Amino acid sequence: METGSDVNSSFKFNTEGMGREPELSLNTDLSSSALLNAIPQQIWTANRAGKIDYVNETLSRDFGYPAAKVIELGWAFFVHTEDLPLSLKRWQESLKNEKEYTSELRLRFEDGAYYWHLVRAVLICVEGKPGVWVGTCTNIQASKENEFRKDEFISTASHELKTPLTSIKGYNQILLRIADNPKVKDFLHRTEAQLVRLEKLISDLLDVSKINVGKLPLNTENFEFSELLQETVGAMQIIFPSHRMILKDRRPVNIQGDRYRLEQVIQNFISNAVKYSPNADRILIDTEVQDDNLIVSITDYGIGIDSDEITKLFERYYRSDNSSAKFDGLGLGLYISAEIIKRHGGSFWIESELNKGSVFSFKLPLVPLGAITPETQTVNYYKDRYIEIYCPPDSAIMYVRWWGHQDMNSVKHGGKLMIEYLRSNSRSKVFNDNREVIGTWSEASDWAAEVWLPLMEDAGLQFFAWVFSASVFSQLSAQKSVDNKEKKSEIAFFYQAEDAIDWLDKNG
């Protein structure tokens, strides 16, 4: 594979030099051809530029062509057309950053059928010789089929359950109208409540099956969000009379989104707040507008959530396992809510303290992302609405301050500026202050670890002091941003700015 504008040529094998010894290949330096051909795994290699120069017999046999013919036809001939664009994009990124390549895609075999594979490749370097990419293709068709059957079963079962459930609800409502005995009416009301719970579980299972196949629809429109919020909170107050629903801010805000799905998010967040605050009597719902974003926060005063469990709450089927209580449900509500928020271009986060309560928040953009313009920009100073960078003439430290709600766009923008200022001002130390950052920017963490950090080191970074935000989600995003096994710089995290400065002064 090689990078290029033409997709087919990007997936062509390299046929140049097929008759002579390569400078570094699996055939010579790493292993014998016989050994590679005996392995029941598809194996291939490529040079540093991405041109594939070897495939083993297993790959050739699976595809039904001799190795030379496979090389002549190229990957585009064997990769499913739906998987080709993403796999090519990831390959180009790996070539650029020289980081591990990983992709799941379907490959066409000799029988004409496509089979799912996990494709991985790493760049191996030997001193004094060009690097070589060593790749494998692992057949994961069986696990994909099991996953598909499971999702299909959930979807089918959920649809089949809806019809009898509707009938049962109808019969129960008729009985409520004609029942005279107060005790019978009480049991019928309890039955109705359980039927509502069952209906919610079935609806969640259907949504999960849609998410798994990428078909959770969004019907976007422009609407008044504060009206939706008031209606939803009012309805939830009826459902949960044990807790007072306090709507703190009712300012009018117009938003472009799916009204039904966003109502579902609010319902899930409030239901979760009530569920995990059985001994409290109030739920606080607040909204605010910051930097062209709508932020909605739902606060409970319940049992709280351990920091180790916070990020897992938005995973499918996960529920907080607080030792003080066990709660019903499949753990789908927050997972579905997270997907809905992501599809609206937003983000979510949690702040929590054990035995004191939690704040569940989500952010939705009010305007499309645009260019970030500087307020001030000189050779050693920069400031915009997200970041401030300063390189004092008499210091070896570059000072960076972030604030507000960050996202992929703002983090990439600020990260690139840090690289430029670090290089142009010949600095090796960075004081990175996140104390005023709110919420999470986890969507940018992988980019920071795989792309930004290596480029910072290339620009001269040796010591990096990161001062944490009070936000647990932001702290987790920060730690993930430097999770790179190949990093060369020394990175330390601090809660106090003074400790970070002292550490930088003592190093280098």
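Residues numbered from 1 in each chain as written. Predicted model: local features only at pLDDT ≥ 70, side-chain atom pairs only at ≥ 80, totals over all residues. Heavy atoms only, no water.

Colleague: Help me get a handle on a negative patch on the surface, residues and values and all.
Modeller: Residues Glu498, Asp499, Asp502 and Asp505 make up a contiguous surface patch of negative charge. In this structure, aspartate 502 sits in helix α16 (residues 497-506). Judged by its relative accessible area of 39%, aspartate 502 is partly exposed. (Patch = residues over 30% accessible without salt bridge, like charges linked within 9 Å, V, L, I, M, F, W, Y side chains within 5 Å. Areas by Shrake-Rupley, 256 points an atom, 1.4 Å probe, with all protein chains shown as cover. Salt bridge = Lys/Arg side-chain N within 4 Å of Asp/Glu carboxyl O. Lys, Arg positive; Asp, Glu negative; His and termini not counted. Charge placed at Lys NZ, Arg CZ, Asp CG, Glu CD. Helix = DSSP H or I, 4+ residues; strand = E, 2+ residues; numbered from the N terminus. Buried < 20%, exposed > 50% of the residue type's maximum accessible area, 1.4 Å probe, protein only.)

Colleague: Outline empty space enclosed by the protein, supporting the account with residue identities and numerical values.
Modeller: Where empty space is left in the structure can be found by rolling a water-sized probe over the atoms. Under the counting rule described, the total for this entry stands at 2 cavities of 30 Å³ or more. Estimated volume of the largest cavity: approximately 130 Å³. Trp402, Val411, Trp441, Trp452 and Trp466 are, among the 14 residues lining the largest cavity, the residues nearest its centre. Residue assignment for the lining of the largest cavity shows that the elements contributing at least two residues are α13 (408-424), β17 (429-438), α14 (445-458) and β18 (463-467). Residue composition of the lining of the largest cavity, by class: 9 nonpolar, 5 polar and no charged. (1 Å grid on protein atoms, 1.4 Å probe; cavity = no way out; pocket = protein on both sides within 12 Å on 5 of 7 lines; lining within 4 Å. Points joined across faces, edges and corners; volume = space filled by probe spheres on them. Nonpolar A, V, L, I, M, F, W, Y, C, P; charged D, E, K, R; others polar.)

Colleague: So, the layout of surface pockets: which residues are in play, and what are the values?
Modeller: By volume, the largest pocket is sized at about 1,600 Å³. For the largest pocket, the lining is made up of 41 residues, of which Asn97, Lys99, Glu100, Glu450 and Val451 are closest to its centre. Of all elements in the fold, only α6 (84-97), β3 (101-108), β4 (114-124), α13 and α14 reach the threshold of two or more residues within the lining of the largest pocket. The dominant element in the lining of the largest pocket, judged by the number of residues it contributes, is α14, at 11 residues. Taken together, the residues of the lining of the largest pocket sort by class into 15 nonpolar, 5 polar and 21 charged.

Colleague: Residue-level account of unusual backbone geometry, with values.
Modeller: For glutamate 98, which is not glycine, the phi dihedral falls at a positive 55°. Relative to the assigned elements, glutamate 98 resides in the loop between α6 and β3. With relative accessibility at 34%, the residue glutamate 98 sits in the partly exposed group. Its identity as a non-glycine residue notwithstanding, serine 426 has a phi of 50°, on the positive side. Along the chain, serine 426 falls in the loop between α13 and β17.

Colleague: Break down the sheet that holds strand β11 (residues 347-353) for me, with residues and values.
Modeller: If you walk across this open sheet you meet the 5 strands as β7-β9-β10-β12-β11, and the pairing is mixed. The sheet is open, and its two edges are formed by β7 (244-247) and β11, each paired on a single side. The average angle at which neighbouring strand axes cross in this sheet is 15°, direction not considered. As paired elements, β11 and strand β12 (residues 357-365) share 7 bridges and run antiparallel to each other. When the sheet's bridge partners are listed, glutamate 353 is paired in β12 with glycine 357. On the sheet, helix α9 (residues 225-239) packs against β7, β9 (282-290), β10 (293-300) and β12 and is oriented at approximately 170° with respect to β7. (Pairing = 2+ DSSP bridges. Axes fitted to C-alpha atoms, helices over the stretch in contact; angles between N-to-C directions. Contact = heavy atoms within 4.5 Å.)

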